[in-house]
2 protein chains.
Amino acid sequence: MGAATFLQGRLVRRAASLVLALGLWFLPVPAGLTAQSWHLFAIFIATIFAVVAGALPILTASLIGAGAAVLSGTLLPAKAWEGFANGTILLIVSAFLVARAVVKCGLGKRLGYLVVSLFGRSTLGLGYSIFILDAVIAPAFPSNTARSGVLYPVIYSLAQSGGSRPEDGTQKRLGSYLMFCGMASLCLSSGLWLTAMAGNALGVEIARNFGLTITFGSWLVASSVPTLAAFALLPLLLYKIIPPEVKATLDAPPAARQALREMGGLSRDEKWVTGIFVGMVGLWALSGTLHLDSTAVAFLGLGVLLATDVLTLKDIAQEGDVLATFIWFAVLYTLSSQLNELGFMGFLGEQIARGLVGIPWPAVYVVLIVLYVLMHYLFVSQTAHVLALLGVFLDVGAKVGVPVAPLAFGLLFASNYFAVITPQGSSANVIFAGSGYLTQGELYKLGGLVTAFMLVIFLVVGTPWLMLVTR
Amino acid sequence: MGAATFLQGRLVRRAASLVLALGLWFLPVPAGLTAQSWHLFAIFIATIFAVVAGALPILTASLIGAGAAVLSGTLLPAKAWEGFANGTILLIVSAFLVARAVVKCGLGKRLGYLVVSLFGRSTLGLGYSIFILDAVIAPAFPSNTARSGVLYPVIYSLAQSGGSRPEDGTQKRLGSYLMFCGMASLCLSSGLWLTAMAGNALGVEIARNFGLTITFGSWLVASSVPTLAAFALLPLLLYKIIPPEVKATLDAPPAARQALREMGGLSRDEKWVTGIFVGMVGLWALSGTLHLDSTAVAFLGLGVLLATDVLTLKDIAQEGDVLATFIWFAVLYTLSSQLNELGFMGFLGEQIARGLVGIPWPAVYVVLIVLYVLMHYLFVSQTAHVLALLGVFLDVGAKVGVPVAPLAFGLLFASNYFAVITPQGSSANVIFAGSGYLTQGELYKLGGLVTAFMLVIFLVVGTPWLMLVTR
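What you see is a predicted model, and the numbers here were worked out from it, not measured in a lab.

Each value, and the rule that gives it
- Each chain carries its own residue numbering, running from 1 in the direction its sequence is written.
- All chains are assigned letters beginning at A, and all ligands numbers beginning at 1, according to the order in which they are written.
- With pLDDT at 70 or above as the cut-off, local features in this predicted model cover only qualifying residues; side-chain atom pairs require 80 or more to be listed or tallied, and sums for whole chains, interfaces and linings still use all residues.
- Heavy atoms throughout the structure, all of them, feed into the side-chain values; hydrogens and water do not.
- Strands are runs of DSSP state E lasting at least 2 residues, helices are runs of H or I lasting at least 4, and numbering of each runs from the N terminus.
- Both definitions apply: the radius of gyration is a C-alpha atom measure, and the globule rule equals 2.2 Å times residues to the power 0.38.
- For each residue, the accessible area found with a 1.4 Å probe, counting protein chains only, is set against the maximum for its type, and the residue is called buried under 20%, exposed over 50%, and partly exposed in between.
- Every residue pair with non-hydrogen atoms within 4.5 Å of one another is taken to be in contact.
- Each accessible area is a Shrake-Rupley estimate made with a 1.4 Å probe; only the visible protein chains count as cover when residues are assessed.
- Asp and Glu are treated as the negative residues and Lys and Arg as the positive ones, with His and the ends of the chain left uncounted.
- Charge positions come from single atoms, namely NZ of Lys, CZ of Arg, CG of Asp or CD of Glu.
- We count a salt bridge whenever a side-chain nitrogen from Lys or Arg sits within 4 Å of a carboxyl oxygen from Asp or Glu.
- For this analysis, a ring pair means two rings from Phe, Tyr or Trp (six-membered ring only for Trp) whose centres lie within 6.5 Å, classed as stacked if their planes differ by under 30 degrees, edge-to-face if by over 60, and tilted for the remaining angles.
- Copy-to-copy superposition: least squares on the C-alpha atoms, limited to residues that have pLDDT of at least 70 in both copies.
- Patch construction takes residues with relative accessible area above 30% that form no salt bridge. Like charges are linked within 9 Å, and nonpolar side chains (Val, Leu, Ile, Met, Phe, Trp, Tyr) are linked within 5 Å.
- What a helix is expected to span follows from its residue count: subtract one and scale by 1.5 Å.
- Fitting axes to the seven residues that end at a residue and to the seven that start at it, the angle between those axes gives the bend at that residue.
- Within 3.5 Å is the distance limit for a polar contact, defined as a pair of N or O atoms, with the added protein rule that one can donate a hydrogen and the other accept it, and that residues adjacent in sequence qualify only through two side-chain atoms.
- In this description, buried area is defined as the sum, over both parts, of the accessible area (probe of 1.4 Å) that is lost when the two are combined.
- Gly is placed with the polar residues, together with every amino acid not listed as nonpolar (Ala, Val, Leu, Ile, Met, Phe, Trp, Tyr, Cys and Pro) or charged (Asp, Glu, Lys and Arg).
- Think of a nonpolar core as a cluster: buried Ala, Val, Leu, Ile, Met, Phe, Trp, Tyr and Cys residues, connected wherever their side-chain atoms sit within 4.5 Å.
- Domain borders in the structure are assigned automatically or taken from a domain database.

## Things to note about the overall build of chain A
Reasoning step 1: Across its full length, chain A holds 23 helices and zero strands.
Reasoning step 2: By the compact-globule yardstick of 23 Å for 471 residues, chain A fits well, its C-alpha radius of gyration being 22 Å.
Reasoning step 3: Taken over the C-alpha atoms alone, chain A extends approximately 70 × 55 × 45 Å along its principal axes.
Reasoning step 4: Residues counted as buried form 60% of the 471 residues belonging to chain A.
Reasoning step 5: Relative to all contacts within chain A whose residues are 6 or more apart in sequence, the contacts with residues 24 or more apart total 79%.
Reasoning step 6: Surface exposure of chain A reaches about 16900 Å², of which carbon and sulfur atoms provide 68%.
Reasoning step 7: Taking the average location of the 25 positive side-chain charges in chain A and that of its 19 negative ones, the two points are 6 Å from each other.

And the structure:
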């Protein structure tokens, strides 16, 4: 939020966003790029800048950015609205509404008490328990977005039953910390297992073109040490930089056990939600094997929740926030993916690569990974980033003499941990970013810090380990 | 709603929907159709049946229908979510939120008082004034959906300032009547002018293949007499079948004038909304000439409304209803358009056509138009219906010796008035159908009645006139 404190006043920040957009727009188009891709870059950067600088809320900036892109003739309407039909984005929309049902029926509270009764002696313990739960279920989930739909109701319920609610201004009690634990955990667990994120398999295929064969087992061996190091420190780091107001809770586990006793057996609605949710989670986990579409599973589950009256149309009517999240994410997703489709990302990667020729390989190794991570500010999808840049970066590294295996693993792991760099950096973030527990400013600040921390861990701890296991 | 009174109990109605789906699914596939299109037909019909019979709300039925279509392998996920990226549907979503701003800032109330001060001596007068306003602005609007976004805020404000609100259970005071006037008016005004609905120009192109040249002027001459007849009777008919509780309001115009005086000049927010709304309406009207995308105009307008704080993120958070409407309409739109794309609609048209050979032409003329209208129960887009069936029906008519010109005009006008037959029969309906002033049952009942009325007017008054002017 450096930009926000520097630029005083909303109007100044808005003027700066506009000047940035127009300035870039009217700069000469760099050789090798089309005017169209350059203009889209101007609109996209100004949109993100307006959000980061606090000139406009993310929904407002996205609507204006999309309107401008189409009305200026930079994007065709049919291209510009594509994101709204993206299955992953629709999965998030459904997951939001399913989470609502888990909380409303009381099951979320019960799950919350259960987790607290086991790990709740401290908020830090809760943080670690989120990371453990996620790491354990991750290999079964090829979609980290679907996994975010599993974690979110539990975390949301923990926050709510701990008396932490955005509408009361009490998000700092527990919720902000736990929500960011969820986001950070997902980016860590996704990198631990080859099968925990859709883009991993794709990255393995790209690495194969460079003569490297990666299996489920060799991935796990390579990822284990740096991931465990990050895993040990990350909940604690977040505990320091976004301290929850509720900390020591020695009485919490017995109180939670007492509350569980008082709740008695599962209610009718809780039983329905348990059955439907377990069914959805099971089908999500099996979606790869049975070739089931995760979004369709979510639609069906949501339909059944409505049909059983666990969730009502009145409940849905209060979920306008979900509509807002749907709109801004769909728009940013499209702008970024179009930027990629128009060749901008590849062009940028090649420019960077060209500047690295003649530098010793260990320096190139570090620079490539750092730049690869930084470029994720421009992406709203991990898979798109892998698709656009992994090959380019591997190619440069190989040409300059960087050993392919450590570089490939380094970039593949980065493709997971950079997810948290912006709220829209992965679809798995969006449900947490839309929860109301974290401001856009906090999301960018924490995202930047956590990404930097992960980068250091994976460079300092990860590199020697990779050199060892890939010999 | 005959089905609803016949089938007692929600569970029975649900079982019936399921039996219908499975029964159709497992019937032998008719020769000439693919199994895929037949299975999609089974899912679509059962979805619509579940809504009409009151087994499930439209959102619930749509979610389950879409989930079933994808999980059964009938539709590919990418195809199934297409509707969410449809520009027209996104236009409705934006128009809903823009309407919210018009009401919130007080401008809607002011517009309401203004209309009442001029025409408000009776609710019937208000009804007629909606039809007049719409008919006058229609030729400038190639998109009747955009026009629905202009009419809706005025009608919504009239209802609200008349003390008629769904959340209070007072929708029958004024709102139900005025909302349906809006829907009925749009389907009438769209048929009056060649340029008042996107599908009209398309239909004219199709008719050209049968040797018929239709101009802006010749269309208006042909449509004028039956449209004026319907125009004279329709507000009155609706007044009888969906009587508003507030009727004679002789004191209303002076009271409205008094209220306007008390309101004083435009507030800051009203000025912003007026400027932005006039800008949007102007750009919508010019969208054809300037090649501007209507949806992008709406996105930009909505973005500016948010940027000026006229509309806030808190307001959006309360608009979960809009999300629900977005989901069900996008899903039904996709199911219907896929049914069409898979050849089901054309197949059905040809079957009907085949049965008509050998019957005297005046009977064929009537039967073709009636069947063409009834088949709109299967469509969620006027343009798709025109595209799928107009050519087929004209071809049959020509082969059996029906004069082409009256038949073409008869079908073209029907392509406008059948819009109201179901709430999803045209995107222009959706904003009214989602207003909360009319139940799904009322929408289907009134839609059926009004369509039948229009059919009679256009056959009885329209046919002699068409025979006269197309000699």
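So, next bit.
## Quick look at the pattern of salt bridges
Reasoning step 1: Within the structure shown, the criterion is met by 24 salt bridges over all chains.
Reasoning step 2: Residue D395(A) pairs with K399(A) through a salt bridge whose shortest N-O separation is 2.9 Å. Of this pair, D395(A) and K399(A) both sit in helix α20 (residues 382-400), four residues apart, which is roughly one turn of the helix.
Reasoning step 3: For R208(B), the salt bridge identified is with E205(B), shortest N-O distance 3.2 Å. Of this pair, R208(B) and E205(B) are both found in helix α11 (residues 198-208), three residues apart, which corresponds to roughly one turn of the helix.
Reasoning step 4: E205(B) gets classed as partly exposed once you look at its relative accessible area, which sits at 42%.
Reasoning step 5: A network of salt bridges, in which partner residues are shared, links K79(A), E82(A) and E341(A).

## Topic: unusual backbone geometry
Reasoning step 1: One non-glycine residue, H291(A), adopts positive backbone phi at about 55°.
Reasoning step 2: Here H291(A) is to be found in the loop between α14 (268-290) and α15 (294-307).
Reasoning step 3: A relative accessible area of 72% means that H291(A) is categorised as exposed.
Reasoning step 4: Positive phi, close to 65°, is recorded for D309(B), a residue that is not glycine.
Reasoning step 5: Looking at the secondary structure, you find D309(B) in the loop between α15 (294-307) and α16 (313-317).

## Here's the deal with the packing of aromatic side chains
Reasoning step 1: This model, assessed by the stated rule, comprises 49 aromatic pairs over all chains.
Reasoning step 2: Aromatic side chains W38(A) and F344(A) sit 6.5 Å apart centroid to centroid with 40° between the ring planes, which places their arrangement in the tilted category. With W38(A) in helix α3 (residues 35-52) and F344(A) in helix α18 (residues 344-354), this pair connects stretches of sequence that are 306 residues apart.
Reasoning step 3: Within the aromatic cluster, the residues linked to one another by ring pairs are W81(A), F84(A), F299(A), F326(A), W81(B), F84(B), F299(B) and F326(B).

## Some details on the relation of the copies chain A and chain B
Reasoning step 1: Superposing chain A onto chain B requires a rotation of 180° together with a translation of 0.0 Å along the rotation axis, leaving an RMSD of 0.0 Å. The transformation relating the two chain copies, once decomposed into turn and shift, fits a two-fold axis. Among all C-alpha atoms of chain A, that of G320(A) lies closest to the rotation axis, at 1.9 Å.
Reasoning step 2: When the interface residues of chain A are mapped onto chain B, 100% of them are again interface residues, pointing to one common binding face.

## What about a nonpolar patch on the surface?
Residues and elements named next belong to chain A.
Reasoning step 1: The grouping of L18, L22 and F26 at the surface amounts to a nonpolar patch, some 350 Å² of accessible area in total.
Reasoning step 2: If you trace the backbone, F26 turns up in helix α2 (residues 10-26).
Reasoning step 3: According to the relative accessible area criterion, F26 is exposed, its value standing at 64%.

## Quick word on α20(A)
All names here are of chain A.
Reasoning step 1: In a regular helix each residue adds 1.5 Å, so 19 residues correspond to 27 Å; α20 covers 26 Å between its end C-alpha atoms and thus fits that length.
Reasoning step 2: When the local axis directions of α20 are compared, the greatest deviation, roughly 40°, occurs at L389.
Reasoning step 3: Within α20, the full set of buried residues consists of Q382, A384, H385, V386, A388, L389, L390, V392, F393, L394, V396 and G397.
Reasoning step 4: Buried positions along α20 lie against α9 (144-161), α11 (198-208), α17 (320-341), α18, α19 (361-374) and α21 (404-417).
Reasoning step 5: Put simply, S381 is the residue that caps the front of α20, since its side-chain oxygen is 3.3 Å from the backbone nitrogen of T383.
Reasoning step 6: A positive backbone phi angle near 95° is found at G401, which sits one or two residues after α20.

## Some words on the interface of chain A and chain B
Reasoning step 1: On the side of chain B, 47 residues touch chain A, which itself brings 47 residues to the contact.
Reasoning step 2: Of the roughly 3700 Å² buried between chain A and chain B, counting both surfaces, carbon and sulfur atoms make up 80%.
Reasoning step 3: Across the chain A-chain B interface, the total number found is two salt bridges.
Reasoning step 4: One salt bridge connects R10(B) with D309(A), and the closest N-O pair in it is separated by 3.0 Å.
Reasoning step 5: Scanning the region where chain A abuts chain B turns up six residue pairs in polar contact (both at pLDDT 80 or more).
Reasoning step 6: Elements with a minimum of two residues in the side of chain A that touches chain B: α2, α4 (58-71), α6 (87-104), α15, α16 (313-317) and α17 of chain A.
Reasoning step 7: Tallying contributions element by element places α15(A) first for the side of chain A that touches chain B, with ten residues.
Reasoning step 8: For the side of chain A that touches chain B, the per-class residue count stands at 33 nonpolar, seven polar and seven charged.

## Here's the deal with the nonpolar core
Reasoning step 1: Ranked by size, the top nonpolar core spans 342 residues in total, and within it F84(A) and F84(B) carry the most contacts.
Reasoning step 2: When neighbours within four sequence positions are excluded, F84(A) is seen to be in contact with L90(A), F326(A), I327(A), A330(A), V331(A), F84(B), A85(B), L90(B), F299(B) and F326(B).

## Concerning the side chain of N429(A)
All names here are of chain A.
Reasoning step 1: Its place among the elements puts N429 in helix α22 (residues 427-433).
Reasoning step 2: With a relative accessible area of 3%, N429 lands in the buried category.
Reasoning step 3: For N429, the residues in contact, after removing those within four places along its chain, are M183, A419, V420, T422 and P423.

## Some remarks on the domain arrangement of chain A
Reasoning step 1: If you check the domain split of chain A, you get domain 1 (1-80) and domain 2 (85-323).
Reasoning step 2: A straight line from the C-alpha centre of domain 1 of chain A to that of domain 2 of chain A covers 33 Å.

## A few points about the environment of A69(B)
Residues and elements named next belong to chain B.
Reasoning step 1: By the element assignment, A69 lies in helix α4 (residues 58-71).
Reasoning step 2: On the basis of relative accessibility, which here comes to 0%, the residue A69 falls in the buried class.
Reasoning step 3: Discounting residues that sit within four places of it in the chain, A69 has contacts with L40, I43, T74, L75 and L335.

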